[in-house]
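# Remarks on the overall topology
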Amino acid sequence: MKILVCISNVPDTTSKINFTDGDTKFDTNGVQFVINPNDEFGLTRAMWFKEKQGATVHIATVGDPTVEPTMRKALAIGADEAFRVNAEPTDGFFVAQQLAEVVKNGGYDLVIGGRESIDYNGGMVPGILATLTNMNFINSCINLEIDGNNVTAVREIDGGKEKLSSSLPLVVGGQKGLVEESDLRIPNMRGIMMARKKTLSVLEPVDGLKATEDKKFDKPAAKGQVKLADSVDQLIDLLHNEAKVI
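Residues numbered from 1 in each chain as written. Predicted model: local features only at pLDDT ≥ 70, side-chain atom pairs only at ≥ 80, totals over all residues. Heavy atoms only, no water.

An unreviewed UniProt entry annotates the chain as Electron transfer flavoprotein subunit beta originating from Maribacter spongiicola. Per its UniProt entry, the chain bears the Sequence similarities (unreviewed entry) comment "Belongs to the ETF beta-subunit/FixA family." (UniProt positions renumbered as here; feature names shortened; annotations may be inferred.)

The residue Glu156 is located in strand β10 (residues 150–157) in this model. On a C-alpha basis, the gap between Glu156 and Asn105 in space is 31 Å, while along the polypeptide they are 51 residues apart. Excluding residues that lie within four positions of it along the chain, Glu156 makes contacts with Arg115, Ser140, Ile142 and Gln175. (Helix = DSSP H or I, 4+ residues; strand = E, 2+ residues; numbered from the N terminus. Contact = heavy atoms within 4.5 Å.)

Two elements, strand β9 (residues 136–147) and β10, share 6 bridges in a ladder whose sense is antiparallel. When the bridges of β10 are listed, Asn143 appears paired with Val154. The loop that links β9 with its antiparallel partner β10 comprises 2 residues; one of these, Gly148, has a positive phi angle of about 65°. Between the end of β10 and the start of strand β11 (residues 160–167), which pair antiparallel, lie 2 residues, with Gly159 showing a positive phi angle near 80°. (Pairing = 2+ DSSP bridges.)

Taking the UniProt record as the reference, the feature "domain: Electron transfer flavoprotein alpha/beta-subunit N-terminal" (unreviewed entry) is found at residues 23–212. As annotated, residues 23–212 comprises 31% helix and 31% strand, and the C-alpha atoms at either end are separated by 17 Å.

Here the amide bond leading from Leu168 into Pro169 is cis, since omega sits at 0°, within 30 degrees of zero. A positive phi angle is found at Ser140, which is not glycine, with a value near 55°. Note that Ser140 resides in strand β9. Under the relative-accessibility criterion, Ser140 is labelled buried at 13%. Backbone geometry places Lys244, a non-glycine residue, at a positive phi of 55°. Among the secondary structure elements, Lys244 is positioned in the segment after α6 (232–241). Overall, Lys244 belongs to the exposed group, its relative accessible area being 63%. (Buried < 20%, exposed > 50% of the residue type's maximum accessible area, 1.4 Å probe, protein only.)

Put into C-alpha cells, the structure is as follows:
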C-alpha cells in the first residue's frame, strides 16, 4: 500500500499573532511553526500502517523553503520521502490542485490529510482533492482499518459516530481519534539523523485557479476591565445593575 500524507505548516497555538501591511499579511516574526495537529494524527496512523502492513509513506506540502524544517520533522517521525510544491498556499482550491497533481503522478492508494488546518480552518482541501482525483472520500475520520482494498472507517457526526465501509483508492480527512494524543511520536535522535538523508523533492506548481483572496485580518477585540466582587450581594448587584444579565 502506498500512502500520501498531506502536511500543513501552521503556527503553534502558543504563538503571539500579529499582522503587517495594514493587517493584510500575517507577521511570521518570532512565530514557531509546527505540523498541523489534524495532519499529525493522520501521519501517526500512516506510520501504524507502515509498521503493521508494510506500507510506504510519503508526505507532501505546498509552501516555500521555510516549511522544510516541518517536513524534516515528519521524515524524522518515519515518513519515507517528501515532496514540496514550491508555491504559497494562499487558497484552499489552489492547494488541492497542487496536491492532486502529486497524487496522480504518485499512484497512491490512500491519501490522508487533516480535516482542517488550525490557521485558516478552511476544511476544504481533502474534499476538493478527492473530487479532483476521482477517489472515494471520508471526512472527520476517527478510526481507519484496511484489509486489502477494503476499508472500514468511523467518522464523527453531529451527536454521535457513523461506521462506514469503502474501498481504495481513498482520501481521508482525519482528526483526533484517528489516533490519540498519547500515540503521537516525538522524533528521536536516530530518526532526526536519518531524516537528513531522506529525499525531499521540490516540485514546481502547475497552473491553478486561486478562487479566494484574503483582504484583511482582524484580531479579536481586547477584553474589558475585570471587576472582582467581595461578596455574593455585590456580585448580584453588579450582574443586575451593570451587566444587566439578571
